[in-house]
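For reference, the chains in residue letters:
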Number of protein chains: 2
Amino acid sequence: MEKRLKVRAFDMEVGKYEVTLNEEDARDMGLHLRDRVRLFTDHKEITAIVNTTRTIVGKGQIGLPLEVTRTIAVKEGGEISVTPAERPKSVECIRRKMDRQPLTEAEYSAIIKDVVGHNLSEIELTAFISALYINEMTMDEIAYLTRQMAMNGEMLDLKKKPVYDKHSIGGVPGNKISLLVVPIVAAAGLTIPKTSSRAITSACGTADIMEVLAPVVFNAHEIEEIVNRTGGIIAWGGGVNLAPADDIFIQVEYPLAIDPRNLMICSVMAKKYAVGANFVVIDIPIGSEAKIHDMEAGKRFARSFIELGERIGITAECAITYGDKPIGRAIGPALEAQEALRALENLPAPSSLLEKATDIAGIILEAGGVAGKGAGKGAAMEYLKSGKALAKMREIIGAQGGDPRVTSKDIKVGGLKEAITSTAEGYVTHISNKAIVQIARAAGAPKDTGAGIALQVSKGVKVKKDDPIFEIHAESEYKLEQAVRLAKQLHPIVLEGMLLKRVPEFPIFEY
Amino acid sequence: MEKRLKVRAFDMEVGKYEVTLNEEDARDMGLHLRDRVRLFTDHKEITAIVNTTRTIVGKGQIGLPLEVTRTIAVKEGGEISVTPAERPKSVECIRRKMDRQPLTEAEYSAIIKDVVGHNLSEIELTAFISALYINEMTMDEIAYLTRQMAMNGEMLDLKKKPVYDKHSIGGVPGNKISLLVVPIVAAAGLTIPKTSSRAITSACGTADIMEVLAPVVFNAHEIEEIVNRTGGIIAWGGGVNLAPADDIFIQVEYPLAIDPRNLMICSVMAKKYAVGANFVVIDIPIGSEAKIHDMEAGKRFARSFIELGERIGITAECAITYGDKPIGRAIGPALEAQEALRALENLPAPSSLLEKATDIAGIILEAGGVAGKGAGKGAAMEYLKSGKALAKMREIIGAQGGDPRVTSKDIKVGGLKEAITSTAEGYVTHISNKAIVQIARAAGAPKDTGAGIALQVSKGVKVKKDDPIFEIHAESEYKLEQAVRLAKQLHPIVLEGMLLKRVPEFPIFEY
């Protein structure tokens, strides 16, 4: 049944094609909340999801958000034709997945097309994610989904192949190793188009750190151009549409606080597939406060990456790393950029940073035939020591539009700071990743780029009462105070002595 | 972190506490799409779900829908304080259910409180329904959920106990038996507070039919008052807040076209628990186009009702009925009201209607001790024949505010009609429930109360070419034409001869 309805144009974006009908009109047309309608003007037509109301729009009217009025070019008071429309076929596929049936690649293709076309309601999307979370997926299905997530998005086509890449599973603060790995690998003449995320719940993402040194927002064409020229890039993944279904899935996973393992593997590898990677190192930190808690789980996870890689034509190698404390001593965008530059400049730098970065870079150098088997780490260290990695980093910074002459001394860290001192004497037995992140965020990271934490002790060292243990940097007095207060509450650095006598008082043990 | 934000009051209802923050403010506060915030004014505070935007509201502003501005009494341009808030505990319970763990009654209670308090986002709600659909529930869990659905809503407290009730699973058009069952049972001196639904996808619900004779929208207090006076009522369930979580669940189930069995059983029994029922007959029609397709599935379904009933203190008896064709010959609100009145008035009426209504009423009469074992159906028939059921129905119509003197002749059916004739000769082998519903809806049912279908043949009878087989009634020429066109396409009445030679042309076989 077709109806002519009068447009009420709402001045708002809702992120999808969703229209509002009066309940009476909806009932006339046999339509129900979340059904779909086809909207027609003389020139255009689209499908949209139905909201119903008794009050917002009257009988004979249809409320349209900006997305719809723009797409079909109608204005307040205009008329459009509306008819009921079928559910997309992919909803049927989602229901079959809920019924525990394996899906074909064509079915995953249909679903992902509707996901990225914003053609599924939040309900349908959540049902899909819930089904993937609750039910098993075969490795074939994981491969289908990965490929379809990549193919329904932009794909890089880089000149110099093979293409190398790395990915860290995350959960460990201070993990700025990409700022070392990318220039080392590119300096060795290999191609490494690194896309990174910004912080969501962490203190800062690699993209936040790199942005201290150069712009990070590039489209696919710009990335190709920079990588073809320099061999490497450190760009923000959100600036380019790689496997865009992932961002939409996250909108469902995040509020449920679920992290479906299969989908996480698909997301990582889909982005690698989309940049055309042939070889990928996956850094899997394990630790009580990391995403993966023990070696066994780490190995299982690693095997899934490798098996999926085999199916989609990517050689994956996994590095299971120690994730029970921050990497290096700096946490926060500017502090981390400074620490990474110091390492490239051959100034004193934390061994945890140097070791991890050269471990990961070394794996790539060996895979790329630039170093012999077992000689990768040494070769990577040599690119650092020789200044070749620094030269390449400056070239990349310049290509991304930053100042290629930048040095670690130029980096401005938060001018306001306060030293936190030890309340007791003892050996440092634990540094809480989660507490460190909370304090850095309270200080203003990642938005206040100068905010963050500079650790002054590491695990195993002995401290005396009133020794400085870390420094908080901030850009505003208010945030500095907040962070200091939180630091005193959370005790992110735990001493052996304290552990014995104060256990019940440490909120970190709740994690 | 607390922020003071300026109110932008949106003139729209969104059905939940949902606020819109600028992305920058959200990032400052460490908030993410669908996180929760606490809103404070000097006098009030509530928790709401966060939407983020780059455009709709600027930095320093917060967009509030009518639900929020009303509740906390703020106006455009006012200021409120906003802080991040925790996810409700029930989200953790939902995630545990996704992880296949059984939940306790306290956990179901927490979830249902948040469901009816509109405190869960659509994503959280969908994850819950998906988990219940995909994972198993123990019978204990089904009982917990049922009780909590009822207890988090209105509960009737009727004077005269025990309380009897009936429920039909649905899917069969023409099923107006409640209009006979309720007056028979009430005439026998038993209490039967029947609440019914309106049509959503069917041609008409019992509430739509009863509304031809009397108002059906009553609150809990009014229902108690009418039932205490007359022993019975036929009210619209939507007018009273019985097990309101059900309506919210349906908003998720419907767009996914899923019908989680466990949840359906919970919904039916929760409403019965809420009216205080002690004994319930469940009518389970089976047929190729009904909700339950075969006897085995019907029996399994029946056992679940009975077992759940035992746990929550309701004696349930199930009647598995023939559901492969419409009940009676009339489909559509006025046509069905007329047919039901004719049966009560002892005028000729279809045996399928009389048989089914007295079967179901008979079970209740036996349970109520009004008839001996095996004598219920005969007793029910006697209440019809004696005119006692008609007298009681008139009393109930009057109590509900209708005209107690109404007769079947007074009912106005659609003045426009067209006879559909047979295109061939043969025996009627099939009457398609779904095609009949589609045609009746095209003719205008349930909204045009006079619209619908009057069948003129029944299964097994022989018809000749050009014999009238059914009549379409409508209130508008346009809808009549539409319905006639659809009738000629769908061939709702299938003859043996036709079946052999025209099978591929019958769209009904697609169902």
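Every residue gets a number counted from 1 within its own chain, in the order that chain's sequence is written. Whichever chain is written first is A, and whichever ligand is written first is 1; the rest continue in order. Side-chain atom pairs in this predicted model are given and counted only at pLDDT of 80 or more, local residue features only at pLDDT of at least 70, and totals for whole chains, interfaces and linings cover all residues. Processing note: side-chain calculations cover all non-hydrogen atoms of the structure and skip hydrogens and water entirely.

## Overview of the interface of chain B and chain A
Okay, so step 1: Counting from both sides, the interface comprises 42 residues of chain B and, opposite them, 42 residues of chain A.
Okay, so step 2: In short, buried area is how much 1.4 Å probe accessible area vanishes from two parts on joining, totalled over both. For the pair chain B and chain A, the summed buried area comes to about 4500 Å², and 58% of that belongs to carbon and sulfur atoms.
Okay, so step 3: Summed over the three residues of chain B that lose the most area to chain A, namely Arg 27, Ile 123 and Ile 134 of chain B, the buried surface amounts to 14% of that side.
Okay, so step 4: Within this document, salt bridges are pairs made up of a side-chain nitrogen of Lys or Arg and a carboxyl oxygen of Asp or Glu, the two lying within 4 Å of each other. Applying the counting rule to chain B against chain A returns six salt bridges. We call two residues contacting when some pair of their heavy atoms lies within 4.5 Å.

## Considering the pairing of strand S6 (residues 79-85) of chain B
Along a regular strand, successive side chains alternate from one face of the sheet to the other.
Residue and element names in this part refer to chain B.
Okay, so step 1: At least two bridges found by DSSP between two strands are what make those strands a pair. Each helix corresponds to a stretch of at least 4 residues labelled H or I by DSSP, and each strand to a stretch of at least 2 residues labelled E; elements are numbered beginning at the N terminus. As paired elements, strand S1 (residues 3-9) and S6 share four bridges and run antiparallel to each other. The partner of Arg 4 across the bridge, within S6, is Ser 81.
Okay, so step 2: In the sheet, strand S3 (residues 36-40) pairs with S6 via five bridges, with the strands oriented antiparallel. Paired with Arg 38 across the two strands is Thr 83, which belongs to S6.

## Details of a positive patch on the surface
Residue and element names in this part refer to chain A.
Okay, so step 1: Each patch is built from residues that are more than 30% exposed by relative accessible area and take part in no salt bridge. Like charges join if they lie within 9 Å; nonpolar side chains (Val, Leu, Ile, Met, Phe, Trp, Tyr) join within 5 Å. Each accessible area is a Shrake-Rupley estimate made with a 1.4 Å probe; only the visible protein chains count as cover when residues are assessed. Here Asp and Glu are counted as negative and Lys and Arg as positive; His is not counted, and neither are the chain ends. Charged groups are reduced to one reference atom each: NZ for lysine, CZ for arginine, CG for aspartic acid, CD for glutamic acid. Taken together, Arg 261, Lys 291, Arg 300 and Arg 303 make up a surface patch of like positive charges.
Okay, so step 2: Secondary-structure assignment places Arg 303 in helix H12 (residues 295-312).
Okay, so step 3: Burial classes: relative accessible area under 20% of the type maximum marks a residue as buried, over 50% as exposed, and values in between as partly exposed (1.4 Å probe, protein chains only). Overall, Arg 303 belongs to the partly exposed group, its relative accessible area being 49%.

## Quick look at the confidence of the model for chain A
Residue and element names in this part refer to chain A.
Okay, so step 1: Per-residue confidence for chain A averages 91 on the pLDDT scale, and 97% of its residues sit at or above 70.
Okay, so step 2: Taken as a whole, residues 498-511 scores under 50 in pLDDT and shows 25 contacts with residues more than four places along the chain or in a different chain.
Okay, so step 3: The complex prediction reports pTM at 0.83, with the ipTM value standing at 0.79. The predictor attaches a confidence to each residue, and that confidence, scored 0 to 100, is pLDDT.

## Thoughts on the packing of aromatic side chains
Residue and element names in this part refer to chain B.
Okay, so step 1: We call Phe, Tyr and Trp rings a pair once their centres come within 6.5 Å, taking the six-membered ring for Trp, and we label the pair stacked below 30 degrees between planes, edge-to-face above 60, and tilted otherwise. Applying the stated criterion across every chain yields a total of eight aromatic pairs over all chains.
Okay, so step 2: Ring centres 6.0 Å apart and planes at 50 degrees place the aromatic pair Phe 128 and Phe 249 in the tilted group. Separated by 121 residues along the polypeptide, Phe 128 in helix H5 (residues 122-134) and Phe 249 in helix H10 (residues 245-256) bring together distant segments of the chain. Residue Phe 128 shares its accessibility class with Phe 249, and that shared class is buried.

## Digging into the pattern of salt bridges
Okay, so step 1: The final tally for this structure, using the stated rule, is 68 salt bridges over all chains.
Okay, so step 2: In this structure, Asp 25 of chain A and Lys 3 of chain A form a salt bridge, with 2.9 Å as the shortest nitrogen-oxygen distance. Here Asp 25 of chain A is found in helix H1 (residues 23-28), whereas its partner Lys 3 of chain A is found in strand S1 (residues 3-9), with 22 residues between them in sequence.
Okay, so step 3: Among the residues examined, Lys 3 of chain A registers a relative accessible area of 13% and is labelled buried.
Okay, so step 4: Connected through shared salt-bridge partners, Lys 3, Glu 24, Asp 25, Asp 28 and Lys 59 of chain A together with Lys 447 of chain B make up one network.

## Some details on the sheet that holds strand S11 (residues 315-322) of chain B
Residue and element names in this part refer to chain B.
Okay, so step 1: Strand order in this open sheet of three strands is S7-S10-S11, and the pairing throughout is parallel. This sheet does not close on itself; its edge strands, each paired only once, are strand S7 (164-168) and S11. Looking at each pair of strands side by side, their axes are set apart by 20 degrees on average, direction ignored.
Okay, so step 2: With five bridges connecting them, S7 and strand S10 (residues 279-286) associate as parallel partners. In this analysis, axes come from line fits to C-alpha atoms, helices being fitted only over the stretch in contact, and the angle between any two N-to-C directions falls in the range 0 to 180 degrees.

## Re the side chain of Thr 53 of chain A
Okay, so step 1: With respect to the helices and strands, the residue Thr 53 of chain A is situated in strand S4 (residues 45-53).
Okay, so step 2: The contacts of Thr 53 of chain A, once residues within four sequence positions are left out, are Thr 20, Leu 21, Asn 22 and Glu 23 of chain A.

## Topic: the pairing of strand S8 (residues 192-196) of chain A
Okay, so step 1: When you tally the buried positions in S8 of chain A, you get five out of five residues, the bulk of the element.
Okay, so step 2: Taking every second residue as pointing to the same face, both faces of S8 of chain A are buried, with Ile 192, Lys 194 and Ser 196 of chain A on one and Pro 193 and Thr 195 of chain A on the other.

## Quick notes on the relation of the copies chain B and chain A
Okay, so step 1: Alignment of copies: least-squares fit on C-alpha atoms of residues with pLDDT of at least 70 in both copies. For the pair chain B and chain A, the superposition axis carries a translation of 0.0 Å, the fit reaches an RMSD of 0.1 Å, and the rotation angle comes to 180 degrees. In short, the pair behaves as if placed about a two-fold rotation axis.
Okay, so step 2: Take the interface residues of chain B: 100% of them recur as interface residues in chain A, which is what a same-surface contact looks like.

## A word on the packing of helix H7 (residues 178-187) of chain A against helix H15 (residues 376-385) of chain A
Residue and element names in this part refer to chain A.
Okay, so step 1: At their nearest, the axes of H7 and H15 sit 10 Å apart, and the two run at 95 degrees to each other. Relative to H15, the element H7 is oriented roughly perpendicular. Where H7 abuts H15, its residues Leu 180, Ile 184 and Ala 187 lie against Ala 380, Tyr 383 and Leu 384. An angle below 35 degrees is read as roughly parallel, one above 145 as roughly antiparallel, one from 65 to 115 as roughly perpendicular, and any other as oblique.

## Overview of the domain arrangement of chain A
Okay, so step 1: Once the domains are mapped, chain A shows domain 1 (3-85), domain 2 (89-136), domain 3 (164-233 + 274-408) and domain 4 (416-510).
Okay, so step 2: Source of the domain bounds: an automatic or database domain assignment. Measuring from the centre of the C-alpha atoms in domain 1 of chain A to the corresponding centre in domain 4 of chain A gives 54 Å.

## Digging into unusual backbone geometry
All names here are of chain A.
Okay, so step 1: The linkage connecting Lys 161 with the following residue, Pro 162, adopts the cis geometry, with an omega of -5 degrees.
Okay, so step 2: In this fold, Pro 162 is placed in the loop between helix H6 (139-151) and strand S7 (164-168).
Okay, so step 3: Not every positive phi belongs to a glycine, and Arg 100 is a case in point at roughly 70 degrees.
Okay, so step 4: Inspection of the secondary structure assignment puts Arg 100 in the loop between helix H3 (89-98) and helix H4 (105-116).

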